[in-house]
Amino acid sequence: MTVNPLALSELALPSYRRPPPGVHPPLDVPGYRATLLRAPKQPPVLLPHGLTEVTGPLPGGERAVAADADLTARHAGEPLGERIIVTGRVLDSDGRPVPGALVEIWQANAAGRYAHAIHDHAAPLDPNFDGAGRCLTDAEGRYRFVTIKPGAYPWGNHRNAWRPAHIHFSLFGRAFTQRLVTQMYFPGDPLSAYDPIFNSVPDPKARERLVCRLDMSITQPGWALGYDWDIVLRGREATVFEPPEQRR
Ligand SMILES: [Fe+2]
C-alpha cells in the first residue's frame, strides 16, 4: 500500500489540552512526601503527538471478558469482606458517553492488604482475592464491577498515616498514550480528612467528585451494596486525574 505523504500531513491529530489550574493536584504536594522526589525540577516539555501515538497500539476489546469485572468470582472460594457493586459512566466534557473505553481497577482486600510483593502491611492476604479487574464501557459508556469494599492501610507518609478506603482506576482511550489514572473514595470516610493524597486536590468540589455515591437502585437486596461513580474526562466537571509522576 502506498501512503500519500500529503494526506498524512493534512491529517488533524487530536491534541492534548492542559486542564485548568486548580482542579488536578500539583506535581509537588507539601505533606505528600513521595512527591518531593518524584516532582520534576524543570518545567515539562510538551511533546506533540504524532500519528503513531494517537493510533496505536490499541488495547484490544477482546482481551477483557465478562469474568474480569467480577473480582469475587475468580478464585476457588468467595473473598472475605463486604461485597459491593461499583458502576458508573465514562463521559466526555459535553456529557456524552464514551463507549469502548478500557477501565481497569486495582485495590486492597477487605483487611487493607494488596496482593503485591512490595506491600508489607501486617494484614492477611486473601487467597480468594487478587484485587484487579477490568472491563470495557458499553454503548452508554457504562462500566460495572463486583468487588469487595477495600480496607484502610498504613502507608508511612507521616506518623500514623492511613489511606482511606479507595479503588484505583485507569482508563485508556484510543491508544496507550491516552491513559488517565485516578482514585475513587467512599462517602463518609473519616480518614479522608487526614489523607494528603485526597487533599492534594486544591478545589474542594473537584475533591468531592472523587467520592462515589451509595445508590439503593444499584444495591441488590440481600446481596451487595451498590455505589455509583461517573468519570468525566474533561471540562468543568472533570474527574481529578493523577500526574504520571504521582501514581501510588
Ligand atoms: Fe492504594
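Residues numbered from 1 in each chain as written. Predicted model: local features only at pLDDT ≥ 70, side-chain atom pairs only at ≥ 80, totals over all residues. Heavy atoms only, no water.

Some remarks on the environment of Arg207
Stated formally: Strands are runs of DSSP state E lasting at least 2 residues, helices are runs of H or I lasting at least 4, and numbering of each runs from the N terminus. Only protein chains enter the area calculation, which uses a 1.4 Å probe; residues under 20% of their type maximum are buried, those over 50% are exposed, and those in between are partly exposed. The contact criterion used throughout is that any non-hydrogen atoms of two residues lie within 4.5 Å. The definition of a polar contact used here is a pair of N or O atoms within 3.5 Å, where within protein one atom must be able to donate a hydrogen and the other to accept one, and adjacent residues in sequence count solely through side-chain atom pairs.
Here Arg207 is to be found in helix α4 (residues 204-208). Residue classification places Arg207 among the buried positions, given a relative accessible area of 17%. Note: C-alpha distance between Arg207 and Thr239 (32 residues apart in sequence) is 8.6 Å. Setting aside its immediate chain neighbours within four residues, Arg207 contacts Phe198, Asn199, Val201 and Pro202. At a separation of 2.7 Å, a polar atom in the side chain of Arg207 contacts the main-chain carbonyl oxygen of Val201.

Here's the deal with the coordination of the iron ion
Stated formally: Note: metal donors comprise N, O and S atoms at 2.8 Å or less from the metal (3.2 Å for Na, K and Ca); water molecules are not included, so apparent gaps in a site are possible.
Taken together, the protein donors to the iron ion comprise Tyr114 (OH), Tyr153 (OH), His166 (NE2) and His168 (NE2), at separations of 2.0 to 2.2 Å. The sequence motif formed by the donor residues of the iron ion is Y-x38-Y-x12-H-x1-H. Pair noted here: Tyr114 is in the loop between β2 (102-106) and β3 (132-136) and Tyr153 is in strand β5 (residues 153-154), with a separation of 39 residues, a long-range link.

Some remarks on the pattern of salt bridges
Basically, it comes down to this: Criterion for a salt bridge: a side-chain nitrogen of Lys or Arg within 4 Å of a carboxyl oxygen of Asp or Glu.
For the coordinates displayed, the defined rule picks out nine salt bridges. Among the ionic pairs, Asp94 bridges to Arg96, the shortest N-O distance being 3.3 Å. Residue Asp94 is classed as exposed on the basis of its relative accessible area of 58%. Between Asp215 and Arg213 there is a salt bridge, with its nearest N and O atoms 3.4 Å apart. Under the relative-accessibility criterion, Asp215 is labelled buried at 11%. Given the relative accessible area of 46%, Arg213 is considered partly exposed. Salt bridges sharing partners connect three or more residues here, namely Asp92, Asp94 and Arg96.

Brief notes about the packing of aromatic side chains
Within a pair of aromatic rings, the relevant descriptors are the distance that separates the centres and the angle that separates the planes. Applied cut-off: Any two rings among Phe, Tyr and Trp, with Trp reduced to its six-membered ring, count as a pair given centres within 6.5 Å; such a pair is stacked if its planes are under 30 degrees apart, edge-to-face if over 60, and tilted if neither.
Summed over all chains, the structure comprises eight aromatic pairs. With a centroid separation of 5.7 Å and 70° between ring planes, the pair formed by Tyr32 and Trp155 is classed as edge-to-face. In this pair, Tyr32 sits in the loop between α1 (5-10) and α2 (34-38) while Trp155 sits in the loop between β5 and β6 (162-163), placing the two residues 123 residues apart along the sequence. Trp155 gets classed as buried once you look at its relative accessible area, which sits at 10%. Ring centres of Phe145 and Phe169 lie 6.5 Å apart, and the angle between their planes is 80°; on these two criteria the pair is classed as edge-to-face.

Focus on empty space enclosed by the protein
For clarity, the threshold we go by: With a 1 Å grid spanning the protein atoms alone, the term cavity applies to any set of points in which a 1.4 Å probe fits but cannot get out, the term pocket to an open set with protein on both sides within 12 Å along at least five of seven lines, and the term lining residue to any residue with an atom within 4 Å of a point. Grid points are joined across faces, edges and corners, and a volume is the space filled by probe spheres set on the points. Basically, the charged four are Asp, Glu, Lys and Arg, the nonpolar ten are Ala, Val, Leu, Ile, Met, Phe, Trp, Tyr, Cys and Pro, and anything else, Gly included, counts as polar.
On inspection of all chains with the given rule, the structure shows one cavity of 30 Å³ or more. The computed volume of the largest cavity comes to approximately 90 Å³. Lining the largest cavity are 13 residues, and of these Tyr185, Ile197, Val201, Leu210 and Glu242 lie nearest its centre. Here the residues of the lining of the largest cavity are counted per class, giving eight nonpolar, four polar and one charged.

Quick look at the sheet that holds strand β8 (residues 179-185)
Heads up, the rule is: For two strands to be treated as a pair, DSSP must find no fewer than two bridges joining them. Axes here refer to lines fitted to C-alpha atoms; in helices the fit is confined to the stretch in contact. Angles between the N-to-C directions go from 0 to 180 degrees.
Pairing is antiparallel across the open sheet formed by four strands, whose spatial order is β3-β2-β7-β8. Edge positions in the sheet fall to β3 and β8, since each has one partner strand and no second. Along the sheet, successive strands turn relative to each other by an average axial angle of 20°, direction set aside. Relative to β8, strand β7 (residues 166-172) is paired through seven bridges, and the arrangement is antiparallel.

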